[in-house]
Amino acid sequence: MPLSPGTKLGVYEVTAQIGAGGMGEVYRAHDTTLDRDVAIKVLPDAFVNDPERLARFEREAKVLASLNHPNIAAIYGLEKSGDSPALVLEYVEGPTLQDLLTPSPGLRPSSPPAGERAIGKPLPLEEALPIARQIAEALEAAHEQGIIHRDLKPANVKVKADGTVKVLDFGLAKALSPAGGEGLGKGDAESPTMTMTAAATKMGVIMGTAAYMSPEQAKGRQVDKRADIWAFGVVLFEMLTGRQAFGGTDISETLAAVLRQEMDWTELPADTPHSIRRLLRRCLERDHRRRLPEIGTARLEIDEADAAPEAAAVAATASRAQPALWQRPVSIAAIALVALALGGLAVWTLGPPEPPPIVRMPIPLGADETFSNTGRHAVAISPDGTQIVYSANLGLSLRPVDQLEATPLAGTSEGVGGGIPGARNPFFSSDSQWIGYHVGAQLKKVSIGGGAPVTLCECDAPWGASWGADNTILFGRGPGGIWQVPGAGGTPERLIAVEEGELAHGPQMLPGGEWVLFTLRPAGTSVWDAAQIVVQSVTTGERQVLIEGGRDGRYLATGHLVYALNNVLFAVPLDLDARDVTGGPVSLVAGVQGASGGRTGAAQFSLAGNGSLVYIPGSAGGGQIELVWVDRAAQTQSVGADQLAYGRGRVSPDGTRVAVDTPGEDNPDVWIYDLARETLTRLTFDEAVDVFPLWTPDGSRVVFQSLREGGGLFWKAADGTGEVERLLESSDAPRPYGWSADGRLVFEQAPGDIGVLTVDGDRTMELVLDTEFREAEPAISPDGRWIAYDSNESGQSEIYVRPFPDLDDGKWQVSAAGGFDPVWSPDGRELFFLSSSEFMVARVETEPTFNAATPESLFIRTGFAASAGREYDIAPDGERFLFLRGQGGQVADGNLGLVFVQNWFEELRARVPVP
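This one's a predicted model, so the numbers in the text were calculated from it and none came from an experiment.

Enquirer: Provide a residue-level description of the overall build of the protein chain, including the pertinent values.
Expert: Tallying secondary structure elements over the protein chain gives 13 helices and 58 strands in all. When burial is assessed residue by residue, the protein chain has 55% of its 915 residues classed as buried. Relative to all contacts within the protein chain whose residues are 6 or more apart in sequence, the contacts with residues 24 or more apart total 50%.

Enquirer: Before we move on, could you go through the packing of aromatic side chains and cite the residues and values that matter?
Expert: Per the stated rule, a full pass over the model turns up 19 aromatic pairs. Seen from their ring centres, Phe839 and Phe881 are 4.8 Å apart, and the 70 degrees between their planes marks the pair as edge-to-face. Of this pair, Phe839 sits in strand S53 (residues 838–845) while Phe881 sits in strand S57 (residues 880–886), and the two are 42 residues apart along the sequence. Like Phe881, Phe839 is buried. Aromatic side chains Phe859 and Phe883 sit 6.1 Å apart centroid to centroid with 70 degrees between the ring planes, which places their arrangement in the edge-to-face category. Here the residue Phe859 occupies a position in strand S55 (residues 856–860), and Phe883 occupies one in strand S57, the gap between them amounting to 24 residues. In this pair, the class of Phe859 matches that of Phe883, namely buried. A connected cluster of aromatic rings, assembled from ring pairs, spans Phe832, Phe839, Phe859, Tyr872, Phe881 and Phe883. Between the NZ or CZ atom of Lys445 and the centre of the ring of Trp434, over which it lies, the distance is 4.3 Å.

Enquirer: Quick rundown of the nonpolar core? Include the residues and the values.
Expert: Core analysis: the largest hydrophobic core is formed by 59 residues, its most contacted members being Leu97, Ile135, Leu152, Phe170, Phe232, Leu236 and Met239. Top contributing element to this core by residue count: helix H3 (residues 125–144), with 11 residues. Each residue touching Phe232, except ones within four places of it in the same chain, is listed here: Ala132, Ile135, Ala136, Leu139, Leu152, Leu279, Cys283, Ile295, Ala298 and Ile302.

Enquirer: Describe the layout of surface pockets, naming the residues involved and giving the relevant values.
Expert: Estimated volume of the second largest pocket: approximately 1,000 Å³. If you go around the second largest pocket, you meet 39 residues; those closest to its centre are Ser466, Trp467, Gln508, Tyr555 and Leu607. Elements supplying a minimum of two residues to the lining of the second largest pocket: strand S10 (379–381), strand S14 (424–428), strand S18 (465–467), strand S22 (503–509), strand S26 (551–555) and strand S31 (605–607). Class assignment of the residues belonging to the lining of the second largest pocket gives a composition of 21 nonpolar, 15 polar and 3 charged.

Enquirer: Hey, could you go over the state of the cysteines for me, with residue numbers and the actual values?
Expert: Such a bond, covalent and formed between the sulfur atoms of two cysteines, is termed a disulfide. Throughout the structure, instances matching the rule amount to 0 disulfides. Of all cysteine sulfurs in the structure, the one in Cys459 sits closest to Cys457, which takes part in no disulfide; the separation is 4.4 Å.

Enquirer: Would you mind going over the pattern of salt bridges in detail, with residue names and values included?
Expert: With the rule as written, the count across this model stands at 37 salt bridges. One salt bridge in this structure joins Arg133 and Asp303, with 2.6 Å as the shortest N-O distance. With a gap of 170 residues between them, Arg133 in helix H3 and Asp303 in helix H9 (residues 295–307) connect regions that are remote in the sequence. A relative accessible area of 22% means that Arg133 is categorised as partly exposed. You can call Asp303 partly exposed: its relative accessible area is 27%. Between Arg843 and Glu830 there is a salt bridge, and its shortest N-O distance comes to 3.8 Å. In this pair, Arg843 sits in strand S53 while Glu830 sits in strand S52 (residues 830–834), placing the two residues 13 residues apart along the sequence. Residue classification places Arg843 among the partly exposed residues on the basis of a relative accessible area of 47%.

Enquirer: An account of the sheet that holds strand S17 (residues 454–458) is requested, with residue identities and associated values reported.
Expert: Across the sheet, 4 strands lie side by side as S14-S15-S16-S17; this open sheet has antiparallel pairing. With one partner strand each, in any of the chains shown, S14 and S17 form the two edges of the open sheet. Sheet twist, expressed as the mean angle between neighbouring strand axes with direction ignored, is 25 degrees. Summarising the sheet, strand S16 (residues 442–447) and S17 pair through 4 bridges and their orientation is antiparallel. The residue of S17 that forms the bridge with Lys445 is Val454.

Enquirer: Got a sec to walk through unusual backbone geometry? Specific residues and values, please.
Expert: The omega torsion across Phe804 and Pro805 is 10 degrees, close enough to zero to call that bond cis. You can see Pro805 is positioned in the loop between strand S49 (798–803) and strand S50 (812–813). Of the consecutive residues Glu847 and Pro848, the connecting peptide bond is found in the cis state with omega at 0 degrees. By the element assignment, Pro848 lies in the loop between S53 and strand S54 (851–852). Even without being a glycine, Ala634 presents a positive backbone phi close to 70 degrees.

Enquirer: Summarise empty space enclosed by the protein; cite the residues concerned and give the values.
Expert: Scanning the model with the defined rule gives 6 cavities of 30 Å³ or more in all. Looking at the second largest cavity, its volume works out to about 60 Å³. Lining the second largest cavity are Arg150, Asp151, Leu152, Thr209, Tyr212, Met213, Gln217, Ala227, Asp228 and Ala231. At 3 residues, the largest contribution of residues to the lining of the second largest cavity is made by helix H6 (residues 225–241). Taken together, the residues of the lining of the second largest cavity break down into 5 nonpolar, 2 polar and 3 charged.

Enquirer: Explain a negative patch on the surface residue by residue, including any values.
Expert: A cluster of like negative charges, contributed by Glu126, Glu127, Asp271 and Asp402, occupies part of the molecular surface. Here Asp271 shows up in the loop between helix H7 (251–260) and helix H8 (274–283). Judged by relative accessible area, which is 46%, Asp271 ranks as partly exposed.

Enquirer: An account of helix H13 (residues 904–911) is needed here, citing residue identities and associated values.
Expert: Buried within H13 we find Trp904, Phe905, Glu907 and Leu908. Seen along its axis, H13 keeps its buried residues to an arc of 155 degrees; they face one direction.

Enquirer: Please give an account of H3 that cites residues and values.
Expert: Here H3 contains 20 residues, and its C-alpha end-to-end distance of 28 Å stays within 8% of the 28 Å for a straight helix at 1.5 Å per residue. Just downstream of H3, Gly146 is the residue with a positive phi angle, here 75 degrees.

Conventions we followed
Residues numbered from 1 in each chain as written. Predicted model: local features only at pLDDT ≥ 70, side-chain atom pairs only at ≥ 80, totals over all residues. Heavy atoms only, no water. Helix = DSSP H or I, 4+ residues; strand = E, 2+ residues; numbered from the N terminus. Buried < 20%, exposed > 50% of the residue type's maximum accessible area, 1.4 Å probe, protein only. Contact = heavy atoms within 4.5 Å. Phe/Tyr/Trp six-rings, centres within 6.5 Å; stacked < 30°, edge-to-face > 60°. Lys NZ or Arg CZ within 6 Å of the ring centre and 35° of its normal. Core = buried A, V, L, I, M, F, W, Y, C linked by side-chain atoms within 4.5 Å. 1 Å grid on protein atoms, 1.4 Å probe; cavity = no way out; pocket = protein on both sides within 12 Å on 5 of 7 lines; lining within 4 Å. Points joined across faces, edges and corners; volume = space filled by probe spheres on them. Nonpolar A, V, L, I, M, F, W, Y, C, P; charged D, E, K, R; others polar. Disulfide = S-S within 2.5 Å. Salt bridge = Lys/Arg side-chain N within 4 Å of Asp/Glu carboxyl O. Pairing = 2+ DSSP bridges. Axes fitted to C-alpha atoms, helices over the stretch in contact; angles between N-to-C directions. Patch = residues over 30% accessible without salt bridge, like charges linked within 9 Å, V, L, I, M, F, W, Y side chains within 5 Å. Areas by Shrake-Rupley, 256 points an atom, 1.4 Å probe, with all protein chains shown as cover. Lys, Arg positive; Asp, Glu negative; His and termini not counted. Charge placed at Lys NZ, Arg CZ, Asp CG, Glu CD. Arc of directions from axis to C-beta. Expected span 1.5 Å × (residues − 1).

Written out as C-alpha cells, the structure reads:
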C-alpha cells in the first residue's frame, strides 16, 4: 500500500511520494533526529516471500553504504514498511539528467516511432562536459571499491542547482536482481534493470535501461566495470546529440540495436573536440576487451578538452561532401586575400554589434505558494544573474533563471512566531554561492547547493541586508542604525548609529569601503516614500543626502542609483567620487510592490550585475488594507471601515469597536473604528510611532506600544479623553497581548520573552518565560488558568500551553506541523492558531487536566495580509474572526509571482545616460 504523508518508519516521517517504478515506490521523508530530508525507497513485494534474496540484498546494501563521494547519493540505512524493506537514501534536490534532456511537452512523442530512437534536446558542450566529468568521478570512486553501477542512465543522474552531479542507485541493479542474475538471464523480466510500461499483449515499450546496457550485459553474460564505461559513453553521446544512441519499439529491437547497430558519429555537433570523439569511440567498443579499461581515463580526456578546446575533426555530412578548404587546389595567398576581403567587408557592412534584446517574462509561484510576508524583502537575484531566491509561505525557494521550476531550500521552512512563518529577507553573497536570510531571532546562511543552514548571529529581523565583496554583511535595524557581521558569522557590531526617531533601512557598502548607502526615514516622518536616500562615511560620520523622497536605493556599477517611490522604480546618474546626483530622476518600471502596510522601506526588486532585474508586481507599499470578518466557512464580509494601511486590528470586549494602528496622514497612530456608527476616530497624535493596540478587559482604555520618550507601553482612555500615560519604560519593543485573571498585563518583549506587568500601584514587571528559545504571542485563557504561546524550541514555531501563573506545573504541545498566533475562543474550549498557510483550530479540555485534540484546518489563508504580531482577532461570539485583506494588488498581484527582465540595463543606459 502507498505510504501517506505522516507515516513514520523509525525516525523518518513521510512527507510526500516523489516517484514509482520497477525498483519500488520512492517517498520524501524527514529525519526527525538529524533534521534533514531523505528519500525512502520501498522495495518491491517480491522481496517479502524470498528470504534468500532479501538477505542477499541486505548484504549488498551494506557494501553500497560504504561509498562516500560527493558525486554519489549516499545510502543511510534500512527500515521496514510493513513486511517490505525500505532503503533510506540521500535526498537530492534538482532535476535528473533525463529531465534536462527532455524538451518541452508536445515536442517529443511519448514513445519513438517504430524503428526510431527517442529524440530529446542536446546540452551545450560547456554544460555537458562538467556533468560527464562528475559522472566519471563517481564511477571511478565506486570502481576502486569493486562496486559496479550496472544501471547508469540519465534518469539515475541528478543535477543540483549549483551544477553538482549526484549519481543515484549505485549497485542496486545487482542487489535487486534475483540470485545470480547479471544480465538478461533467469528472472530478469521482473528485475528493475528493465524499465518498461505494461501492455495487454506484449512486454511494452522500452523506456530506458535496455538502451544503456553494454553488449555483454544484453547477452546475459557476467559483467565488470567496463559495462559502466559503455553506459557512460551512451549517456555522453545522448547529452551531446539529444538522441538516444540505441532505441526501438520494444526490448528486442533495442537490444538488437545495442548488439549490431553502427554508430553515426556525424550526429555529434561539429564543435565536439577531437579528444571527446576519441573518448566516445573507446567507450563504445562492443568488444569489452578493446573498450576503455578505466573510467579515470575518461576524466583525463574531458580535462584535456576543457583545457584546449578544438574544432571537430569530422564535420557534419554536408561538410563531408566537399573537400576541406585546405585540400582544394587554391594557393595560400588566395586564401589570405579572400580572408582579408571578407574581414574588410565585415568592418564596413556590419558596424557595431546589436545590443542584446530586453526580455520580460513572468515567473509564477508554485501551486501552494503565496507571498504571505512582504513586510521585508522577499526576493533577490544572485549577482551573477543565474539564480533567483524568494521568500513565500513555504520558506525559501531557489529558481535558476534557465529552469522552469523553483526548488525549496531545505531547512528554511521552519516556522517562527511574530506572525511570520519561515525564512525571510533573502540576500546573496557577492560570489552568488550563499543565501543569507533571517528566521526566528537569527541571521543564517545556506549554500545554493543545499546542505544544512549555518547560523551567523543572533539578531532581530533586518531592515534590508547586503553581502559585500569583503565578505561582510551589512543590515539595517530601523531605530538601531546600521550593523555589520562577518560572512562567516560572529558578533554583530554597530557601524552607523541614527538619532532618536530616525529609522535606517537597506544598507549597501559602496566601492572603496568608505561610504555606506542607505535609506533614512527622518524623525517625525511616518511614510517611507518621504524618506531620504543618503550616504554616510564609516570613518568620519559625514552624511550626505542624495535623494529627498524615495526608498531602498541601490548603486549599480553602471553609474546609476536606482530607487523606489510610490511603487515605481526611478534611476538617476550618480557621480560616485563626488557623491552627487548629476541628473534628474527617470521613471523606469511601474507597479513594483513595496513593504506591506508600509512598515519598512523595502521595495520588492533586486538587480544582478549582468543586467537582469526581478521584482514582485503590485502596489502594497503604503497600499490599502481592508478590515474583514471571516467566518468558520471562510465566508468574508467587509467590516465597513475605509481602506487604509492597517497594521493590526483588535476587537473590543463588547464587540462594538475595533482598535487599529495605521500610518494615517502623518505617522503611525492608534485609531478606533465604531462598528455601529461606521466612524474611524484617531486616538493618539504623537509624532512617534504608536502601534500594537490592546483593549483593557472592561473596554475603557487601549494599551499600545510607542517609541516616544524612550519607548515602552502606554495607555489612553478609549473615548479619547485624558492624556496618554506610561505603563512601562523599555527599549526592548514590548508588545501587549492580554490580561491575567488578577488584572496584570501580559506582554512580549524582544528578543522573545514573555512578561507580566502590574498596572495598578507600583507597576512591577516580571519575566515569566525567559529561556534560550523565542516565546511569543502569549494568549491567556478566558478563565485565566492557562497561557498559550508559540515557541521555536523544537526548531520551528509550534503552539504550547502551560498552566498560569504556575508555568512549571506542565507543558503541552498543541500544533503538530508548525503554528503561531494562538487565540482562545471566548468559552475557552477551542484554541485557534495560524500555520504557514492555514487557519487552524484545536478542541481543548481543561478538566481534570489539559488535553488538546488533533488540530483541524478551518480554511486556507490566501488573500489575507501578514503583519508583525498577531495577524487576527476573534469576535465575542466566537464565530467571526477579524483579518486584514489586501487590496490594490497587495495579495492578488503578489500571488501572480515574479517578473524577470533580462538585459534590463540596456533600457537603463538608454533612458538614463551617464555623463
